[in-house]
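If you want the building blocks of each chain, they are given just below.
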Amino acid sequence: MTIIANRIDGRLIHGQVANLWTTKLNISRIMVVDDEVAENTIEKSGLKLATPAGVKLSVLPVAKAVENILAGKYDSQRLLIVAKKPDRFLRLVEAGVPIETLNVGNMSQTSETRSVTRSINVVDEDVAVFHQLNEKGVKLTAQMVPNDPAEDFMKLLK
């Protein structure tokens, strides 16, 4: 299995993911996992434009991502999985995708969210999902860019 990193980022592919993380981790494919985005032609076009040259892109619904990963479709590649919300990763884990660590990046502020850090904002549903992921053995970290120290996200969440 060649899942190099997993990241929650409400912006999906942007400067930090496209340039810093992809370069630092020598990523060959970015996989965006999101049922709604996978159906949105305009959003997919924007993601293609944001993907660095030489890096492949997959934008898949959760079920197709599970199918492809478990079938070994990406075993020869260095895969970065990105999703907007933690529930996408919970569904991957529950379907058997081996996810050891999940980096919680940017989760935007809305009128319904509460702040965990300057750039991570959650609703109660997100908190419940983070606890479920933690119980399933996924190590949750908060790290905006590769040069920042990785913090234990569960300690920040309390």
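In this text, all values refer to a predicted model and were calculated from it rather than measured experimentally. (Residues numbered from 1 in each chain as written. Predicted model: local features only at pLDDT ≥ 70, side-chain atom pairs only at ≥ 80, totals over all residues. Heavy atoms only, no water.)

Q: Describe the sheet that holds strand S1 (residues 3–8), listing the residues and the values that go with them.
A: The strands that make up a sheet are held in pairs by hydrogen bonds between backbone atoms, and each pair lies either parallel or antiparallel. Across the sheet, 7 strands lie side by side as S3-S2-S4-S1-S5-S8-S9; this open sheet has mixed pairing. The open sheet has two edge strands, strand S3 (56–60) and strand S9 (151–152), and neither has a second partner. Taken together, the 4 bridges between strand S5 (residues 101–104) and strand S8 (residues 139–142) define a ladder with parallel strand orientation. Bridging across to S8, Asn-103 finds its partner in Thr-141. (Pairing = 2+ DSSP bridges. Helix = DSSP H or I, 4+ residues; strand = E, 2+ residues; numbered from the N terminus.)

Q: Hey, could you go over helix H5 (residues 86–94) for me, with residue numbers and the actual values?
A: Residues of H5 that are buried include every one of Pro-86, Arg-88, Phe-89, Leu-90, Leu-92 and Val-93, and no others. Gly-96 sits one or two residues past H5 and shows a positive phi near 105 degrees. (Buried < 20%, exposed > 50% of the residue type's maximum accessible area, 1.4 Å probe, protein only.)

Q: Outline the layout of surface pockets, listing residues and values.
A: The volume enclosed by the largest pocket comes to roughly 270 Å³. Surrounding the largest pocket, 18 residues form its lining, Ile-3, Ile-4, Ala-5, Asn-6 and Thr-101 being those nearest its centre. When residues of the lining of the largest pocket are traced back to their parent elements, those giving at least two are S1 and S5. Per element, the largest residue contribution to the lining of the largest pocket is 5 residues, and it comes from S1. Residue composition of the lining of the largest pocket, by class: 10 nonpolar, 6 polar and 2 charged. Estimated volume of the second largest pocket: approximately 170 Å³. What lines the second largest pocket is simply Thr-117, Arg-118, Ser-119, Ile-120, Ala-142, Gln-143, Met-144, Asp-148, Pro-149, Glu-151 and Leu-156. (1 Å grid on protein atoms, 1.4 Å probe; cavity = no way out; pocket = protein on both sides within 12 Å on 5 of 7 lines; lining within 4 Å. Points joined across faces, edges and corners; volume = space filled by probe spheres on them. Nonpolar A, V, L, I, M, F, W, Y, C, P; charged D, E, K, R; others polar.)

Q: Which residues make up the packing of helix H4 (residues 62–70) against H5, and what values do they have?
A: Orientation of H4 relative to H5, taken along the N-to-C sense of each, is 40 degrees, at an axis distance of 10 Å. Comparing their axes, H5 and H4 come out oblique. Once H4 is placed against H5, the crossing between them reads as right-handed. Facing H4, whose interface residues are Val-62, Ala-65 and Val-66, H5 presents Arg-88, Arg-91 and Leu-92. (Axes fitted to C-alpha atoms, helices over the stretch in contact; angles between N-to-C directions. Parallel < 35°, antiparallel > 145°, perpendicular 65-115°, else oblique. Left-handed = near helix turned anticlockwise from the far one by under 90°. Contact = heavy atoms within 4.5 Å.)

Q: A description of the pairing of strand S2 (residues 29–33) should follow, citing residues and the corresponding values.
A: The element S2 is largely enclosed, with a buried count of 5 among its 5 residues. Alternating positions in S2 separate into two faces, Arg-29, Met-31 and Val-33 on one and Ile-30 and Val-32 on the other, with burial throughout. Two elements, S2 and S3, share 5 bridges in a ladder whose sense is parallel. Bridging across to S3, Arg-29 finds its partner in Lys-56.

Q: Please provide a residue-by-residue account of H4, values included.
A: Burial in H4 covers these residues: Val-62, Ala-65, Val-66, Asn-68 and Ile-69. On its buried face, H4 is in contact with S1, S2, helix H2 (35–38), S3, strand S4 (79–83) and H5. After H4 finishes, the residue Gly-72 shows a positive phi value of roughly 80 degrees.

Q: So what's going on with the environment of Lys-155? Residues and values would help.
A: The topology assignment puts Lys-155 in helix H7 (residues 153–157). Considering only alpha carbons, one finds Lys-155 and Thr-141, 14 residues apart in sequence, at a separation of 9.5 Å.

The values are spatial; any link to function lies outside them.
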